[in-house]
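# Summary of structural features
Chain residues, written in single-letter form:
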Amino acid sequence: MRLQLPPLRLTGARALRRGRLQQRTVAIENGRIAGGPFPAVELDGYLILPGIIDLHGTSLDRGPSRPLASTSLLQRADRMAAASGVTTGWVSVGWCGAGGPDLALRILDCWARYRSAALTDLRMKVRYEMHSPTSAQSLADAVHSYRIDQVALGSRIARSIAPDDMIPKDLAGLAEAFDAAGICYGSLTEDDAAAREAMSRLGARLCEFPAQAEPALVARASGHPVLRRASEMVARTDGAFETFPCDAIASEGNHPALSHAAFSLVDRGMMSLSDAWSLISERPAEIMGFPDRGRIEQRMRADLAILCERTGRVEATIRGGVLI
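Residues numbered from 1 in each chain as written. Predicted model: local features only at pLDDT ≥ 70, side-chain atom pairs only at ≥ 80, totals over all residues. Heavy atoms only, no water.

### Thoughts on the overall build of the chain
Going by this rule: Runs of E in the DSSP output that reach at least two residues are strands. Runs of H or I that reach at least four are helices, and both are numbered from the N terminus. It is over C-alpha atoms that the radius of gyration is taken, and the globule rule equals 2.2 Å times the number of residues to the power 0.38. Note on exposure labels: buried denotes an accessible area under 20% of the residue type's maximum, exposed denotes more than 50%, and partly exposed covers the range between, all computed with a 1.4 Å probe on protein chains only. We call two residues in contact whenever any of their non-hydrogen atoms come within 4.5 Å of each other. The Shrake-Rupley method, run with a 1.4 Å probe sphere, supplies the accessible areas, and residue values consider only the shown protein chains as cover. Two residue types count as positive, namely Lys and Arg, and two as negative, namely Asp and Glu; His and chain ends fall outside the count. One atom stands in for each charge, and that atom is NZ of Lys, CZ of Arg, CG of Asp or CD of Glu.
For the chain, the count of helices and strands is 11 helices and 18 strands. In terms of overall dimensions, the chain is globule-like: its C-alpha atoms have a radius of gyration of 20 Å, near the 20 Å expected for 324 residues. The dimensions of the chain, computed from C-alpha atoms along their principal axes, are 60 × 45 × 35 Å. Split into buried and exposed, the 324 residues of the chain put 54% on the buried side. Sequence-distant contacts in the chain: of pairs separated by 6 or more residues, those separated by 24 or more amount to 66%. When the accessible surface of the chain is summed, it comes to about 14200 Å², and 50% of that surface belongs to carbon and sulfur atoms. One way to put it: in the chain the 38 positive side-chain charges average out to a point 6 Å from where the 37 negative ones average out.

Printed below as a string of structure tokens:
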């Protein structure tokens, strides 16, 4: 059983508040950032940063053994995320993979049962690649039934929409259903500007893991956010960040790479820690429309990642005032 921390003050650490690291106390009460004179916990030598928000984590339907052990995979992904400073994160399932909607529904059932016991605020996104009236309607029904809040549309959908064609009726119906439910939906691994333009016309704003710089630049010109892989951001050393836009960073299952990516951007002199950390906290919260997390401010959720300042290692994660 997880217990909420009693009212306390985290002192001695440097906290990321109002866009810069400050030697500031962070108080917690009833799961929120507070301002009371509570008992102190000394954290000299540590950084207190907003909890990480991971928009695309582990894919539960990939790999030969995964459909047979969905609950254990959920538990493993949840624990790894918590150990890496993640307080809100999405796992994913494909709607039209080898197992089809039947497998996806079984995995969604496992997630629905497990979610209340999760360490993190564990959410689900659905990847949708093929399109037919039957599978599109079943996806719309599932999204409503399971209260899914994020969907990624695959590149084959974009290729099916020629520049001057009408959007297919089933896809238009899906987009309308997503819009009505307030679901964040975007495109996955686009490889050219035409694909991004097609998905933009459909209403899929989030440009997720673009294969080339071109669709990312088109998305940025349209005011649409670009999501990139954490592992890619760590590995990239050619200084091309400005020419390959990024508004948020996701793990794709490699959770430790999230904080590594932020510190890599800082170490290479590309941005401040405040700006780099916002790519895995504040910006994802803004993309999803979550006003209660992503920053350390009074009355917001006490979602915190506590890191050793010397090593950059995550030493503790607090979600809603609960040490996870």
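Let us keep going from here.
### Some points on the packing of aromatic side chains
In plain terms, the rule: Between rings of Phe, Tyr and Trp, where Trp is taken as its six-membered ring, a pair exists when centres lie within 6.5 Å; planes separated by under 30 degrees are stacked, by over 60 edge-to-face, and by other angles tilted. Our definition puts a charge over a ring when NZ of Lys or CZ of Arg is within 6 Å of the ring centre and also within 35 degrees of the ring normal.
For the coordinates displayed, the defined rule picks out three aromatic pairs. An angle of 15 degrees between the planes, with centres 6.1 Å apart, marks the rings of W90 and F290 as stacked. With a gap of 200 residues between them, W90 in strand β9 (residues 86-94) and F290 in the loop between α11 (282-288) and β16 (304-308) connect regions that are remote in the sequence. Each member of the pair W90 and F290 is classed as buried. Here the basic side chain of R228 rests over the ring of F244, its NZ or CZ set 4.0 Å away from the ring centre. Cation over ring: R293 sits above F290, and NZ or CZ is 4.6 Å from the ring centre.

### Some details on helix α5 (residues 169-181)
What counts is decided by this rule: Every helix has an expected span of 1.5 Å times one less than the residues it contains. Of all possible arcs, the one meant is that of the directions from the helix axis to the C-beta atoms.
The end-to-end C-alpha separation of α5 is 18 Å, in line with the 18 Å expected for 13 residues at 1.5 Å each. D170, L171, L174, A175 and F178 are the residues of α5 that are buried. Buried residues of α5 fall within an arc of 140 degrees about the axis and therefore sit on the same side. Across from the buried face of α5, at angles greater than 90 degrees, the exposed residues are K169, E176, D179 and A180. Just past α5, the residue G182 takes up positive phi, approximately 70 degrees.

### What to know about the layout of surface pockets
Using the following cut-off: The distinction between a cavity and a pocket rests on a 1 Å grid over the protein atoms alone: a 1.4 Å probe fits inside a cavity but cannot get out, while a pocket stays open yet meets protein on both sides within 12 Å along at least five of seven lines, and a residue with an atom within 4 Å of a point counts as lining. Grid points are joined across faces, edges and corners, and a volume is the space filled by probe spheres set on the points.
By volume, the largest pocket is sized at about 270 Å³. R62, G94, R127, E129 and L188 are, among the 19 residues lining the largest pocket, the residues nearest its centre.

### Some points on the sheet that holds strand β14 (residues 226-229)
The strands making up a sheet associate through hydrogen bonds between their backbones, and the pairing can be parallel or antiparallel. Selection rule: For two strands to count as paired, DSSP must find a minimum of two bridges between them. Axis angles are defined between N-to-C directions and span 0 to 180 degrees, where every axis is a line fitted to C-alpha atoms and, for a helix, only to the segment in contact.
What the eight strands build is an open sheet, ordered β8-β9-β10-β11-β12-β13-β14-β15; its pairing is parallel. Of all the strands in the sheet, the pair left with one neighbour each is β8 (52-54) and β15 (248-250). Within the sheet, the average angular offset between the axes of one strand and its neighbour, ignoring direction, is 25 degrees. Pairing of strand β13 (residues 206-208) with β14 involves two bridges; the strand directions are parallel. Bridge assignment links E208 to a residue of β14, and that residue is L227. Across the sheet, helix α1 (residues 70-83) touches β9 and β10 (121-128), and the angle it forms with β9 is around 150 degrees.

### Concerning helix α7 (residues 213-221)
Taken together, the buried positions of α7 are P215, A216 and A219. Around the axis of α7, the buried residues are gathered within 100 degrees of arc, so they sit on the same side. Each element contacted by the buried residues of α7 is listed here: α6 (193-202), β13 and β14. Just downstream of α7, G223 is the residue with a positive phi angle, here 80 degrees.

### What about the environment of I161?
Within the fold, I161 resides in the loop between α4 (155-159) and α5. Spatially, the C-alpha atoms of I161 and L16 are 44 Å apart, while their sequence positions differ by 145 residues. If we ignore the near neighbours within four places in the chain, the residues touching I161 are I167, P168, L171, A198 and R201.

### Observations concerning the pattern of salt bridges
Where we set the bar: Criterion for a salt bridge: a side-chain nitrogen of Lys or Arg within 4 Å of a carboxyl oxygen of Asp or Glu.
All told, the structure shown has 16 salt bridges when counted by the stated rule. Ionic pairing is found between E286 and R283, a salt bridge with its closest N-O pair at 2.8 Å. A residue pair is termed a helical-turn pair when its members lie 3 or 4 positions apart in one helix, as E286 and R283 do in helix α11 at three residues. On the accessibility criterion, R283 (23% relative accessible area) is partly exposed.

### What about the sheet that holds strand β7 (residues 46-50)?
One open sheet holds the six strands; their spatial order is β3-β2-β7-β16-β17-β18, and the pairing between them is mixed. With one partner strand each, in any of the chains shown, β3 (20-22) and β18 (322-323) form the two edges of the open sheet. Note that β16 and strand β17 (residues 314-319) share four bridges and pair antiparallel. Each bridged residue has a counterpart across the sheet, and for L304 the counterpart in β17 is I318.

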